[in-house]
Amino acid sequence: MCQHLILGDTLYWVKSQDQSPITLIVNPNNNNTYIIGEKCGIETFTCNSISDAVAYFNSIAVLVDNGTIYQQLNLKLSNGTYGIRESSVNLFQFNCTISPLDIGGDIIFNGFLNPLNYNDTMIDIRGPQQQSTKTSVLFSGLNFISFNHSIIIVVSIDTFTNVTFDQCNFNGYQAQPNVHMIEFSRIDPPINPTLTSLLIISNSIIINSINSNPSSLSNSDLIAVVGLNVTLYNVYINSINHSPQSVLKVDTAYANITNCQFSNVNTSIGAIFSIGSNVTLFNSTFYGLSAVSGPGLFNHIPNIGLNSSFTMYSCSVSNCYSPTSAGVISLSNPFNLVLPISDIMYCSFNYNNGSSGGVLNSLNVPVNFYNCIFNSNVAVIGNIAQVFQTSLTVSYSSIMGSNSTTTTNVFAGTFVSTNSNLLFLYNVFGKQYTSFQCVSSTIIIENSKNLNPYYSCLNCKQLSVDTNSICQQSSTTSTLNFDSSDSFKLIQNFSTFTLILSLLIVSFNYLII
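Structural notes, computed from the coordinates. Just so it is clear, the structure is predicted and the values come from calculations on it, not from any experiment.

### Comments concerning the overall build of the chain
Along its length, the chain carries four helices and 51 strands. The 513 residues of the chain split such that 58% are buried. Of the contacts made within the chain by residues no fewer than 6 positions apart, 73% connect residues no fewer than 24 positions apart. Entry remark: accessible area of the chain is about 20200 Å², with carbon and sulfur atoms responsible for 51%.

What follows is the structure, given as structure tokens:
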């Protein structure tokens, strides 16, 4: 930044020698007079804007840590409303904190005040791409209101970049096609990279987002991360309306969502959309999520040549809905990649509603439910799960049907499998019927309590309960049912119709994605 030096020999000496942190105060309510780049930011002579403060810092800053990053800058913001154009800066290679001057201060960035074009951004972190450079920026205690363009865009190759939003509020973001509220990306990420850069959103609120262009939903995710790490910790997300593509899209990335709450979220293809990524959901609550062309909560597709995984632990999911996919989770692997088991443990799923799986739809992705609760989930096909060409294990779980379970719901099937292997161990069932539909599959049920089942076999390889074979190598379209007297009843059923409808739903979902 030597080229920005404009103040003479004395200042040059400071720039060359002093590496201590610099604190500058910004007050948008003042109108101090100075030439851009001149000194401002002290208590008696504050900077009028963030861009002015950064311009002055550019004139005196020195590189530290072997020339990889500039000395620390602390921007302290006075209470007030800040315009966007005068807050627009590039913080590449900065070690910077931006926070209120006063504890509990009211700092508002108003997207309607001196706005940028919809394809611009307020904060830019882009610069000459060298592996040795570093950037670290912390935004704390700030309010971002009514933006219709990006708040921040970060682009890197192999640079270390750490961006944190802590105790921030994002209110009234207006989603636009091909624009993200927060964009964090790595150019040409290598296959299975060792990632160090990180986006963190913690102790924050994201509410009242709408799609300002409902005719186009393409690539309008609120947060988009490509090739890097992202963590959401203790984030409350509510009232996301009119279908942005997703709340969080991760592509070739690592994502961790912990202690978060998503509620009343309506998206195009799912609240969380994963492409070839490793995603973990932990100790979080998801309520009232819906999607137009995907599952309510989590939509995952792999990327050829990349590792990807999904883990869900100690979460609660209720009242999620999709008219075209699973109510909650869709895992699709059309490329026949070898993927690890998706472990879903200590979770509860209540009152979810889908087209193909009330909770889960899986194509060629193995899934393990352990110690979970399923209550009153429904779907057109597969009230709890519909799986294709994969394995599904459900163990030590509680499986309860809807209190309004009817013959129609039973015919939808509780678990519907095609060319798959299903294993049920040590589960407790409710008093309602549980329907197992076996199409060219193997289903083994052992050590269950209160099982009141329907069985449907179509070319079923094997269906057994506690070593008792119910149907094996069967080509019938019949259902065997244990009633309360443990006798068998033969019920002409719907297996062929179920198979045809299942294939149509899968084809439709794949075409949408």
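### Section: the environment of Met-122
For Met-122, the position within the fold is in strand 9 (residues 121-125). Along the sequence, Met-122 and Glu-86 sit 36 residues apart, while their C-alpha atoms lie 8.9 Å from each other. Sequence-distant contacts of Met-122, defined by excluding residues within four places in its chain, comprise Ile-84, Ser-87, Ser-88, Val-89, Phe-109, Leu-116, Phe-144, Phe-147, His-149, Ser-150 and Ile-151.

### Quick word on the pattern of salt bridges
If charged atoms from side chains of opposite charge come close, those side chains can pair. As enumerated under the stated definition, the model contains three salt bridges in all. In this structure, the salt-bridge partner of Arg-126 is Asp-124, at a minimum N-O distance of 2.7 Å. Since its relative accessible area comes to 18%, Asp-124 is described here as buried.

### What about the pairing of strand 31 (residues 329-332)?
On strand 31, burial covers both faces: Ile-329 and Leu-331 on one face and Ser-330 and Ser-332 on the other are all buried. Bridging between strand 28 (residues 298-301) and strand 31 involves three bridges; their strand directions are parallel. In the sheet register, His-300 faces strand 31, and the bridge partner there is Leu-331. Two strands pair when backbone bridges link them, and strand 31 and strand 35 (residues 360-363) are joined in this way by four bridges, in the parallel orientation. In the sheet register, Ser-330 faces strand 35, and the bridge partner there is Asn-361.

### Some words on the state of the cysteines
Scanning all chains against the criterion turns up two disulfides. The residue that forms a disulfide with Cys-40 is Cys-47, at a sulfur-sulfur distance of 2.0 Å. Looking down the S-S bond of the Cys-40 and Cys-47 bridge, the torsion is 90°, so its handedness is right-handed. Using a relative accessible area of 1% as the deciding quantity, one classes Cys-40 as buried. Shown here is the disulfide that connects Cys-438 with Cys-460, its sulfur atoms set 2.1 Å apart. Its S-S torsion of about 80° marks the bond between Cys-438 and Cys-460 as right-handed, since a negative value means left-handed. With Cys-438 in strand 45 (residues 434-439) and Cys-460 in strand 48 (residues 460-465), this residue pair connects regions lying 22 residues apart in the sequence.

Calculation notes
Note on numbering: residues in each chain are counted from 1, in written sequence order. Where local features are concerned, this predicted model is filtered to residues with pLDDT of at least 70; where side-chain atom pairs are given and counted, the filter is 80 or more; whole-chain, interface and lining totals use all residues. No hydrogens and no water enter the side-chain calculation; it runs on all heavy atoms of the structure. Secondary structure counts use DSSP, requiring at least four H or I residues in a row for a helix and at least two E residues in a row for a strand, with both numbered from the N terminus. Note on classification: 1.4 Å probe, protein chains only; a residue is buried when its accessible area is under 20% of the maximum for its type, exposed when over 50%, partly exposed between these limits. Residue contacts follow a heavy-atom distance rule, with two residues in contact if any of their heavy atoms lie within 4.5 Å. Reported accessibility uses the Shrake-Rupley method at a 1.4 Å probe radius. Residues are deemed covered only where the shown protein chains occlude them. The term salt bridge refers to a pairing of a side-chain nitrogen on Lys or Arg with a carboxyl oxygen on Asp or Glu at a separation within 4 Å. Two strands are counted as paired when DSSP detects at least two bridges linking them. Here, the term disulfide refers to a pair of cysteine sulfur atoms separated by no more than 2.5 Å.

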